[in-house]
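# Chains, contacts and geometry: an overview
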Amino acid sequence: MAADQNKSDSSLPTEVDKSGMLEVLEKFPGQVAEAIDIGQSELQLPSAEGLRAVVVLGMGGSGISGDVVAALSADAGLKLPVVTCKGYDLPKFVDSDTLVFAVSYSGNTEETLDTAGQAMERGARIVAVSSGGRLTEITESNSIPTFHIPGGLQPRAALGYLAVPIMSALDRMGMVSGVVDRFRAACPMLEARLIEYGPGATGDDNGPFRLARELVDFVPIVYGAEGYLAVAASRWKAQFNEMAKVPAFHNYFPELNHNETVGWENLADVCRRCHVIALGEPALPARIEKRVKITIDLIQGSVGGVTRICARGSNTVERLLDLVYFGDFTSVYLALVTGQDPTPIARIDEFKKRMAG
Ligand code: PA5
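Residues numbered from 1 in each chain as written. Predicted model: local features only at pLDDT ≥ 70, side-chain atom pairs only at ≥ 80, totals over all residues. Heavy atoms only, no water.

## Let's talk about the sheet that holds strand E1 (residues 53-57)
Read across the open sheet, the 5 strands follow the order E2-E1-E3-E4-E5; overall the sheet is parallel. What marks the edges here is a single partner per strand, and that holds for strand E2 (82-85) and strand E5 (146-148). Strand-to-strand, the axes of this sheet are offset by a mean angle of 15°, without reference to chain direction. Packing against the sheet, helix H4 (residues 60-75) makes contact with E1, E2 and strand E3 (98-104), and its axis sits at approximately 170° to E2. Against the sheet, helix H6 (residues 133-141) contacts E3, strand E4 (125-130) and E5, and its axis sits at roughly 140° relative to E4. (Pairing = 2+ DSSP bridges. Helix = DSSP H or I, 4+ residues; strand = E, 2+ residues; numbered from the N terminus. Axes fitted to C-alpha atoms, helices over the stretch in contact; angles between N-to-C directions. Contact = heavy atoms within 4.5 Å.)

If you want it as structure tokens, here you go:
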């Protein structure tokens, strides 16, 4: 299908969604509700006494749960630093006074298994989140508390299962407060967004569908702002990569004003193929709002398009979930209108196969 046709065509080629990602997305509000129950289960959690830091281990679709926890926990009163670990090296400070969440949807991710092993050797207080695999075997045989989450999804479609139990554990350990209630209160909001963003009505009122059609043939460049908006931007980027199989990049204000802003000055043909999406919220701090406006003014003549998306919701949990849901639908619609089945990730599968060989 030609790009111009894609942009004007308001029909959604759902037959491209062979593996049913839309249906999975439609169940996301229910997933968040179920994840609250999983988090509130009788699992015996470590003591919070004397803890000095929280570390979240995990890669890709599982690893973003750590970014979500880092962004939301400060707001919920956590006084300790939260460090995400996305690699083979466990930070040197991790010891018996560190709470470590080992998160792997499959339970078989090499880097996460490696760092979880290091955390065990150092006597860290570990809690795991997984649907099975080697991680669960290890945690079960070492009596490490584990949130068992349902399998059968792509990790990137399981963000509720992966992130909510961690927030719930922090809540039950007395380290944060109110955040579980906020997730619970966000479920009806997500149901309402499903009606707006979902495939039931793909007219111009459907923001994700409209944006997806704008993005055909462009590289999405997603800008957030320090805090949860930067996490949302990173989530959007990864979803564009994995759902729509396109290159995508992310950055955040104010940092991007100290480097990336200059980068739009040259390679005119490349810049014109990029569409900047700036994620914001109604209460964006005045200095950040000013930066966004000036930046757009400076770069909009160079890039192919600029779209501002404003998060909705009455608190950070709701606004982050709103943006995640908007971005998830946008990436899936972009996949469908460009003929890509959103679910398979052949390159990651092939990569992991070669690494194992
Ligand atoms: O989306 C994906 O499949 C990847 O980003 C995975 O999440 C990543 O490779 C880690 O695997 P897992 O989430 O099973 O630990």
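Now, onward.
## Notes on the pairing of strand E6 (residues 219-225)
Burial runs high along E6: 7 of the 7 residues are buried. Across the two faces of E6 the burial is the same, with Val-219, Ile-221, Tyr-223 and Ala-225 and Pro-220, Val-222 and Gly-224 all buried. Strand direction decides the pairing type here: E6 and strand E8 (residues 274-280), joined by 5 bridges, are parallel. Across the sheet, the residue bridging to Pro-220 is His-275, located in E8. Handedness of the E6-helix H10 (residues 228-244)-strand E7 (residues 249-253) crossover: right-handed. (Buried < 20%, exposed > 50% of the residue type's maximum accessible area, 1.4 Å probe, protein only. Right-handed = clockwise from strand over helix to strand, strands pointing away.)

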